[in-house]
Amino acid sequence: MRRHKLWLDGKWLEGTDHEVREIRSPFDGEVVARADYASADQMERAIAASVAAFTHYRRSSRFARARLLEAMRDGIAARKADLARVIALEAGKPITIAEGEVLRALTTFTVAAEEAKRVGGDVIPIDIDATGRPYSEAVSYWVPRGPILGITPFNFPVN
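Calculation criteria
Residues numbered from 1 in each chain as written. Predicted model: local features only at pLDDT ≥ 70, side-chain atom pairs only at ≥ 80, totals over all residues. Heavy atoms only, no water. Helix = DSSP H or I, 4+ residues; strand = E, 2+ residues; numbered from the N terminus. Contact = heavy atoms within 4.5 Å. Phe/Tyr/Trp six-rings, centres within 6.5 Å; stacked < 30°, edge-to-face > 60°. Lys NZ or Arg CZ within 6 Å of the ring centre and 35° of its normal. pLDDT = per-residue confidence, 0-100. Expected span 1.5 Å × (residues − 1). Buried < 20%, exposed > 50% of the residue type's maximum accessible area, 1.4 Å probe, protein only. Arc of directions from axis to C-beta. Salt bridge = Lys/Arg side-chain N within 4 Å of Asp/Glu carboxyl O.

Section: the environment of Ile23
Then step 1. Tracing the sequence through the fold places Ile23 in strand β4 (residues 20–24).
Then step 2. Setting aside its immediate chain neighbours within four residues, Ile23 contacts Glu30, Val31, Val32, Ala33, Ala35 and Glu90.

Here it is as structure tokens:
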């Protein structure tokens with residue numbers, strides 16, 4: 001039986017409370033995996049690690065960000081059969097639906113990598129009232145804001 005540890009700050013760890021939960025297939029109730037659960041302290045450490053990583057990556061180029069997203073896509077592609085099998089077991093989905101979910105995740109990361117290269121800004125005319133000098137413009141840029149929390153839907157976890 002496969003046990004899934006926690007990926008925290010670049011290392012695989014066990015939950016500090018040593019709590020391991022069984023993941024059962026909704027189809028037949030069979031145990032398909034075991035997963036370590038993070039303690040409150042480990043969740044706080046994960047947040048701190050994401051903030052620390054952000055301070056490094058916030059100054060990365062669009063090219064570097066696109067390469068990271070492409071690497072994530074490639075990692076999913078390399079494991080797509082395994083991911084589809086796990087989704088089918090864990091969610092009780094037909095394998096074809098699980099495979100479609102993995103393909104959609106590949107598309108999501110491909111598009112995100114392409115968009116990372118195009119994120120720019122706007123030029124906004126500001127000579128739209130009597131106080132503005134003719135042909136005056138303001139320029140805005142999109143910049144990384146910080147870590148986010150994403151909640152994965154149970155019925156489409158990879159996407």
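Description of the packing of aromatic side chains
Then step 1. Taken as a whole, this structure holds 1 aromatic pair when the rule is applied.
Then step 2. Taking the ring centre of Phe156 as reference, the NZ or CZ of Lys93 above it sits at 3.6 Å.

Some words on the confidence of the model for the protein
Then step 1. Scored by pLDDT, the protein has a mean of 89; 99% of the residues are at 70 or more.
Then step 2. Per-element averaging of pLDDT across the protein places strand β1 (residues 3–4) at the bottom with 86 and helix α2 (residues 62–78) at the top with 96.

Brief notes about helix α3 (residues 80–91)
Then step 1. Taking 1.5 Å per residue as the helical rise, α3 with its 12 residues ought to reach 16 Å, and the 16 Å between its terminal C-alpha atoms agrees with that figure.
Then step 2. Taken residue by residue, α3 has Leu83, Ala84, Ile87 and Ala88 as its buried positions. Along the long axis of α3, the arc covered by the buried residues comes to 135°, so they all point the same way.
Then step 3. The first or second residue beyond α3 is Gly92, which carries a positive phi of 75°.

Here we look at the pattern of salt bridges
Then step 1. Evaluation of the coordinates by the stated rule reveals 13 salt bridges.
Then step 2. As a salt-bridge pair, Glu19 and Arg21 come within 2.7 Å of each other at their nearest N and O atoms.
Then step 3. Owing to a relative accessible area of 32%, Glu19 belongs among the partly exposed residues under this scheme.
Then step 4. You can call Arg21 partly exposed: its relative accessible area is 36%.
Then step 5. Between Asp74 and Arg73 there is a salt bridge whose closest N-O contact spans 3.0 Å.
Then step 6. Residue Asp74 is classed as partly exposed on the basis of its relative accessible area of 41%.
Then step 7. Owing to a relative accessible area of 21%, Arg73 belongs among the partly exposed residues under this scheme.
Then step 8. A cluster of three or more residues bridged by salt bridges with shared partners is formed by Arg3, Lys5, Glu14 and Asp36.

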